[in-house]
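Chain by chain, the residues run as shown.
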Amino acid sequence: MRRPLVMGNWKMNGGRTDAIALVTDLLPRVHGLDDIDIVLCPPYPFLEVVSCRLRGTLLMPGAQNVSAFTRGAYTGEVAATMLRDVGCRYVIIGHSERRLLFGESDSVVADKFQQATAAGLVPVLCVGESAAERAAGRTAEVVGRQLAAVLDAVGPAPLAAAVVAYEPVWAIGSGQAASPADAQAVHQFIRDTISTADPARAPQLRILYGGSVKAQNAQELFSQRDVDGGLIGGAALDASEFAQICKAVRGCGGAE
Ligand code: PGA
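The paragraphs below set out a description of the structure included in this document. Counting of residues starts from 1 at the beginning of each chain's written sequence and follows it residue by residue. Side-chain atom pairs in this predicted model are given and counted only at pLDDT of 80 or more, local residue features only at pLDDT of at least 70, and totals for whole chains, interfaces and linings cover all residues. Excluded from the side-chain calculations are hydrogens and water; all other atoms, namely the structure's heavy atoms, are used.

Turning next to the site of the ligand. We call a residue near a molecule or strand as soon as one heavy atom of that residue lies within 4 Å of the molecule or strand. Among the 13 residues in the neighbourhood of the ligand, the closest are listed as Lys11, His95, Glu167, Gly173 and Ser212. Note that an oxygen atom of the ligand is positioned 2.7 Å from one of the side-chain N or O atoms of histidine 95. Between the ligand and glutamate 167 there is a distance of 2.7 Å, counted from an oxygen atom to a side-chain nitrogen or oxygen. Using the Shrake-Rupley algorithm and a 1.4 Å probe, accessible areas are obtained, with residue cover drawn only from the displayed protein chains. Here the ligand has 280 Å² of accessible area as a free molecule, and 96% of this is covered by the chains. By the convention adopted, Pro, Cys, Tyr, Trp, Phe, Met, Ile, Leu, Val and Ala count as nonpolar, Lys, Arg, Asp and Glu as charged, and the other residues, Gly among them, as polar. Taken together, the residues that form the shell around the ligand break down as 4 nonpolar, 7 polar and 2 charged. The definition of a polar contact used here is a pair of N or O atoms within 3.5 Å, where within protein one atom must be able to donate a hydrogen and the other to accept one, and adjacent residues in sequence count solely through side-chain atom pairs.

What follows covers the nonpolar core. One finds Ile190 and Phe222 to be the most contacted residues of the largest nonpolar core, which totals 71 residues. Counting residues per element, this core draws most heavily on helix α11 (residues 239-248), which supplies 6 residues. A contact between two residues is defined here by any heavy atoms of the two lying within 4.5 Å. If we skip the residues at most four places from it in the chain, phenylalanine 222 touches Val213, Val227, Gly229, Gly230, Ile245, Ala248, Val249 and Cys252. Within this scheme, the nonpolar core is defined by two criteria: the residues are buried Ala, Val, Leu, Ile, Met, Phe, Trp, Tyr or Cys, and they are joined through side-chain atoms within 4.5 Å. Under the scheme applied here, a residue whose accessible area is under 20% of the maximum for its type counts as buried, over 50% as exposed, and between as partly exposed, the area being computed with a 1.4 Å probe on protein chains only. Formed by 13 residues, the second largest nonpolar core is a distinct cluster that contains Leu5, Val124, Cys126 and Val163. In this text, helices come from DSSP runs of H or I with a minimum length of four residues, and strands from runs of E with a minimum of two, each type numbered from the N-terminal end.

Attention shifts here to the side chain of threonine 139. Within the secondary structure, threonine 139 is located in helix α7 (residues 139-154). Since its relative accessible area comes to 11%, threonine 139 is described here as buried. With sequence-adjacent residues up to four places away left out, threonine 139 is seen in contact with Glu129, Glu133, Arg134, Tyr166 and Val186.

Written out as structure tokens, the structure is:
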């Protein structure tokens, strides 16, 4: 049985007061959900305060990004070990906004994945195709290439122990989520790809869906066989909505 996981990606929103208020509002709403994992990814400057507020609760802090380098003269970068220092457990790697707006290549994404693993963080590897790639029937090719870049760099065991998030670019922030059947098809492709490299571990890999998940569509998406939870953007900024999404994932982790 894979343990369901819901992650809130706050992106570059709100200030310190908002971050504290959101955690304070959320905690009682998700109290007692001890059969799932919940991870909050605030902006870097608020990681420490969020991390402190989550101590002693079931929720865990995560980061939205990490440096591809270990330490040294890399102005503006944040190392994986620094994220560990402030209590981070998870880190999002290769989000499409990083790939598209900040030019992160497959090889940079693979380097970041390795940094996260070496520091003891759980990498959450984002993969997904653009609208044009889907229209051209290239979804499997694109997702396969994104997975292969990390598989070739680290091998199957670290990838199977990590988390993969399928986030079709066209679904992110658009209000148009993938249909449950389309999401399941790509999730199964991801699991099959890892299975080819490591059949023993692939059944344990947690695969999240991300892209316009809301309280209203969460249950149907999460009930798909290979959908083990969600990576939530906009809806994670609303404590009530996010708590409903967390509740929708209960019991949904694919049984193996
Ligand atoms: P969204 O974002 O839920 O706002 O579509 C998801 C993501 O980018 O992780």
